[in-house]
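# Analysis of the macromolecular model
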Amino acid sequence: IFALRSSYYFSTGVVEPSSSLRSPPRVPNLIGGKFVDSQSSSTIDVINPATQEVVSQLPLTTNEEFKAAVSAAKHAFPAWRNTPITTRQRVMLKLQELIRRDIDKLAMNITTEQGKTLKDAHGDVFRGLEVVEHACGMATLQMGEYVPNVANGIDTFSIREPLGVCAGICPFNFPAMIPLWMFPVAVTCGNTFVLKPSEKDPGASIILAELAMEAGLPNGVLNIVHGTNDVVNAICDDDDIRAISFVGSNTAGMHIYSRASAKGKRVQSNMGAKNHAIVLPDANTDATLNALVAAGFGAAGQRCMALSTVVFVGDSHSWENKLVELAKSLKVNAGTEPDVDLGPVISKQAKERVCKLIQSGVESGARLLLDGRNIVVPGYKDGNFIGPTILSGVTADMDCYKEEIFGPVLLCMKADSFEEAIHIVNRNKYGNGASLFTASGAAARKFQTEIEAGQVGINVPIPVPLPFFSFTGSKGILCWRSQFLWQGRG
Ligand code: NAD
């Protein structure tokens, strides 16, 4: 088991041996092109959520090590920014090939550390791979602007320039896709990078960094430091870091946004969500219910684009019974088992929090149509499993509605009219995404125009755009995902 585990991290042979020889293995930092064991004596266990097995130990990187990572990125910047963009793109061309080669290894690591099904883990890698593919065409995206003769004999042009050292701070729910939202675009623009993976599932970031090095990324262009609040605060405060991309909860995102922007950095914070689906009575019943079940419970509800609240308009409310039957048919098991629909939630604490919010919904008057709290999964008695759970009669004043649950829990609300349903969605503090299910073109157009959400789906359960579009929320979310965060203009 030790050999297999350590192969997640140490497959290219560039890792210093001390980290791989420990049992369980210690997750290395990447500093200046070397995978190095942290000198820190403080560690966090990375735990398999289906079994509670300790997969590895993650160090709380010391301040000196963090400074060394930033310094490596700073020193790599002048040569890297002057490397032709065609060469930088070619590294991405190689990287996408290597990710395809190792996609099974990446997916197995994700399922082991994060818990999602192997199919979802492949999707996690594939969505990130699409960003790498996008970065392969960066030269075209970096074309500037030019207007001749804006005044007599004067032409004006703008040039997109890299900023310098940039940083990324990641959540646990997409251990491959989200690091791949960040560093490939940033470095192909000519920046250098410090990545802080989630402390809960850092393995995919390390494998991706190994692949980036194998693809030819020069030493120091990508660096990785592990830890929690202290290293994040160090990133926010560091004078040499020019821009930060954060993805995670509102609490951390607001803190990072205010702390780092006070230091003059560019910051994007992609934060929490409470995505609503509105269902009109003219929608196709089966297609709608299948979409609601997949988007509500898939990945155990731990997607920022999960549909966690349904607003049934008028008679569509009567579809709740069928929704419950469909949800009951989902298979809950460890992500490595065949034909599984959803795996465990990330931690014991996450399970406790989700169960508490379900209970608070019941105590505030919601009806528990399906209760997944006491599910038993044979062979995985210690796993953090919660079965699909449905609460009906939910109202806007309930805590289960006001807070992001981030578990396999679907809340059902009622509205008498389409206008009332839109009003409910727009009043919610989160505005990541929203979907409408209807057969009416007029309703679809009204929804698209009036709904206050970053991503809008019409008969689409998870309206996530591909990388050549920005990915943006509205209201309680400050974000965009594109090459523009990483560029100044000269
Ligand atoms: P989290 O906020 O707990 O952690 C995210 C990162 O921030 C981690 O690297 C963590 O170490 C760091 N962090 C956490 N608390 C901190 C603090 N107080 N000070 C400094 N750093 C801190 O988020 P999570 O639980 O890992 O991820 C789930 C959250 O991410 C959900 O809210 C989900 O909606 C959100 N998310 C949003 C998007 C999006 O695009 N909007 C995408 C994926 C996930």
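Here the structure is shown first, and the text comes after it.
Throughout what follows, the structure given in this document is the object of discussion. (Residues numbered from 1 in each chain as written. Predicted model: local features only at pLDDT ≥ 70, side-chain atom pairs only at ≥ 80, totals over all residues. Heavy atoms only, no water.)

Attention now goes to the side chain of Thr309. Mapped onto the elements of the fold, Thr309 is located in strand E14 (residues 307-313). For Thr309, a relative accessible area of 0% gives the class buried. Leaving out residues up to four positions away in the same chain, Thr309 has contacts with Lys274, Asn275, His276, Ala277, Tyr401, Leu410, Leu411 and Met413. (Helix = DSSP H or I, 4+ residues; strand = E, 2+ residues; numbered from the N terminus. Buried < 20%, exposed > 50% of the residue type's maximum accessible area, 1.4 Å probe, protein only. Contact = heavy atoms within 4.5 Å.)

Here the focus is the site of the ligand. Close to the ligand lie 28 residues, the nearest being Cys170, Lys196, Glu199, Ser249 and Glu404. In the environment of the ligand, an oxygen atom lies 2.7 Å from a nitrogen or oxygen atom belonging to the side chain of Glu199. In this structure, a nitrogen atom belonging to the ligand sits 2.8 Å away from a main-chain N or O atom of Met271. The fraction of the free accessible surface of the ligand (840 Å²) that becomes covered by protein chains is 88%. Looking at the shell around the ligand, the elements with two or more residues in it are helix H8 (177-188), helix H10 (229-237), strand E11 (241-247) and helix H11 (250-261). Residue composition of the shell around the ligand, grouped by class: 16 nonpolar, nine polar and three charged. (Near = heavy atom within 4 Å. Polar contact = N/O pair within 3.5 Å; in protein donor to acceptor, adjacent residues only side chain to side chain. Areas by Shrake-Rupley, 256 points an atom, 1.4 Å probe, with all protein chains shown as cover. Nonpolar A, V, L, I, M, F, W, Y, C, P; charged D, E, K, R; others polar.)

Right, let's talk about the sheet that holds strand E15 (residues 367-370) for a bit. One open sheet accounts for seven strands, arranged E15-E16-E17-E14-E13-E19-E20; its pairing is mixed. Edge positions in the sheet fall to E15 and strand E20 (455-458), since each has one partner strand and no second. Averaged over neighbouring strand pairs, the angle between their axes works out to 20° when direction is ignored. Sheet analysis places strand E13 (residues 275-279) next to E14, joined by five bridges and oriented parallel. Bridging from a neighbouring strand, His276 pairs with Thr309 of E14. Each of E15, strand E16 (389-392) and strand E17 (409-415) is contacted by helix H14 (residues 348-363), which is oriented at about 25° to E16, the strand it contacts most. Contacts between helix H16 (residues 418-427) and the sheet are confined to E13, E14, E17 and strand E19 (433-437), with E17 contributing the most and set at about 135° to the helix. (Pairing = 2+ DSSP bridges. Axes fitted to C-alpha atoms, helices over the stretch in contact; angles between N-to-C directions.)

Any functional reading would require information that these geometric values do not contain.
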